[in-house]
Amino acid sequence: MLLDILMLAAGLVLLVFAGDFLVKGAAGLAENLGIPSLIIGLTIVAFGTSAPELVVSLQSALSGAPDIAVGNVIGSNIANVLLVLGVPAIIAVVHAEQRGLARNVAVMLVFTIAFMWMISDDLLSRTEAAFLFAGLLLFVMVQILRARTHIEEEQTGDYHEELGELPHAPGKIAFHLAGGLIGLPIAAHLTVSGASGIAQAFGISQAAIGLTIVAVGTSLPELATTLVAAWRKKADVALGNIIGSNIFNIGAIMGITGLIIPVPVSHIIIERDMWMMLAAAVALTVICFARISTGKILGAIMFAAYLIYVAVVL
């Protein structure tokens, strides 16, 4: 039991560091190759920051724990709205005034509903996963085209503040890429093995572990980034990051995982948790379309709602 807890903790910590190494190495290499910053931000950084969730979900599906794979995505999307937005809003007001928010949150809602429809028959097939991934690629292409016409130039190419200093020396780039590519699979194995062991020891379903502990663990980087931004009175960027993360969780993580291996989905996720994901998505959509500022009261309500949800799941 203690070993399982240590494995899970070590896996989640390693996921954060290995994911960061991979993104920095890939972004540094892309800059050396002369790839425009907006392309790097909308592709390499966006895909790279989803790498921890991807390797966990893929490892879960391949190792016979599909509920952790699906629970990780659904739980992360719920946590992104209620936790990653709710907690920082208690510190500083989050204004829904960025350009493109309404359009992108509408895309997120479409992805959410499409994903729910696809898994409603207890299975995410390869064909359905292919549609999800193709939809994501189309979304990214449209974002790039819009960014290139300077419609939303203030939202592109700003990944340096989030990632910090990037490696540019060949040796450092190789070190970062190797660290990420080697560390992520190891981290995923530790996380899934530890989570499965804890579930068995406590008699908790793998879905519950995926929806809560694993989902929150893989969402910690986003939460930490948003908390720092809130502390610096720059929390408004959180909404765009949350929307993008939720789209990538469904389109990239479930899309790629489902392409490699069909993913069965448990009844409890279909009957309860995917509807909670939809409720969170609708709430975020209303906030963005109505341009509602998320302050202390609304943030506290969202955080309390998340704690209640976790209590119900566990």
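Definitions and limits used
Residues numbered from 1 in each chain as written. Predicted model: local features only at pLDDT ≥ 70, side-chain atom pairs only at ≥ 80, totals over all residues. Heavy atoms only, no water. Helix = DSSP H or I, 4+ residues; strand = E, 2+ residues; numbered from the N terminus. Rg over C-alpha atoms; globule rule 2.2 N^0.38 Å. Buried < 20%, exposed > 50% of the residue type's maximum accessible area, 1.4 Å probe, protein only. Contact = heavy atoms within 4.5 Å. Areas by Shrake-Rupley, 256 points an atom, 1.4 Å probe, with all protein chains shown as cover. Lys, Arg positive; Asp, Glu negative; His and termini not counted. Charge placed at Lys NZ, Arg CZ, Asp CG, Glu CD. Phe/Tyr/Trp six-rings, centres within 6.5 Å; stacked < 30°, edge-to-face > 60°. Salt bridge = Lys/Arg side-chain N within 4 Å of Asp/Glu carboxyl O. Core = buried A, V, L, I, M, F, W, Y, C linked by side-chain atoms within 4.5 Å. Axes fitted to C-alpha atoms, helices over the stretch in contact; angles between N-to-C directions. Parallel < 35°, antiparallel > 145°, perpendicular 65-115°, else oblique. Left-handed = near helix turned anticlockwise from the far one by under 90°. Nonpolar A, V, L, I, M, F, W, Y, C, P; charged D, E, K, R; others polar.

With that settled, consider the overall build of the protein chain. Counting its secondary structure elements, the protein chain contains 12 helices and 2 strands. When the helices and strands of the protein chain are placed in sequence order, the string is α-α-α-α-α-β-α-α-α-α-α-β-α-α. For 314 residues, the compact-globule formula gives about 20 Å, and the C-alpha radius of gyration of the protein chain, at 18 Å, lands near that figure. Dimensions along the principal axes, computed over C-alpha positions, put the protein chain at roughly 50 × 50 × 40 Å. Looking at the 314 residues of the protein chain, the share that counts as buried comes to 51%. Of the contacts formed within the protein chain by residues at least 6 apart in sequence, a portion of 89% connects residues at least 24 apart. Accessible surface, the protein chain: about 13400 Å² in total, of which carbon and sulfur atoms supply 71%. Seen as two clouds, the 13 positive and the 20 negative side-chain charges of the protein chain have centres 9 Å apart.

Turning our attention to the packing of aromatic side chains. Overall, the coordinates contain 2 aromatic pairs when judged by the stated rule. Relative to phenylalanine 175, the ring of phenylalanine 21 lies with its centre 5.6 Å away and its plane at 65°, an arrangement referred to as edge-to-face. Residue phenylalanine 21 is located in helix H1 (residues 2-32), and its partner phenylalanine 175 is located in helix H8 (residues 170-202); the two are separated by 154 residues in the primary sequence. By relative accessible area, which is 53% here, phenylalanine 175 ends up exposed. For the pair tyrosine 306 and tyrosine 309, a centre-to-centre distance of 6.4 Å together with 45° between the ring planes defines the contact as tilted.

This brings us to the pattern of salt bridges. When the charged atoms of two side chains lie near each other, side chains of opposite charge can form a pair. Per the stated rule, a full pass over the model turns up 2 salt bridges. Here aspartate 273 makes a salt bridge to arginine 272, at a shortest N to O gap of 2.9 Å. Using a relative accessible area of 25% as the deciding quantity, one classes arginine 272 as partly exposed.

A word on the nonpolar core. Across soluble globular proteins, nonpolar side chains show a tendency to be buried alongside one another. Ranked by size, the top nonpolar core spans 59 residues in total, and within it Ile74, Phe115, Leu124 and Leu284 carry the most contacts. Every element with two or more residues in this core is listed here: helix H4 (66-91), helix H5 (101-119), helix H6 (126-148), helix H9 (206-231), helix H10 (237-260), helix H11 (267-289) and helix H12 (296-313). If you tally residues by element for this core, the top one is H4, at 11 residues. Those residues in contact with phenylalanine 115 that lie beyond four places of it in its chain are Val70, Ile74, Leu124, Leu132, Ile250, Met254 and Met277. Among the nonpolar cores identified, the runner-up in size contains 19 residues, and Val56, Ala65, Ala187 and Ala199 belong to it.

Relative to each other, helix H3 (residues 51-62) and H4 sit at 150°, their axes nearing to 6 Å. By the angle between their axes, H3 is roughly antiparallel relative to H4. Where H3 crosses over H4, the two elements pack in a sense that is left-handed. Here Glu53, Val56, Ser57, Ser60 and Ala61 of H3 lie close against H4, whose contacting residues are Pro66, Ile68, Ala69, Asn72, Val73 and Ser76. Each residue belonging to the contact of H3 with H4 can be placed in one class, and the counts come to 6 nonpolar, 4 polar and 1 charged.

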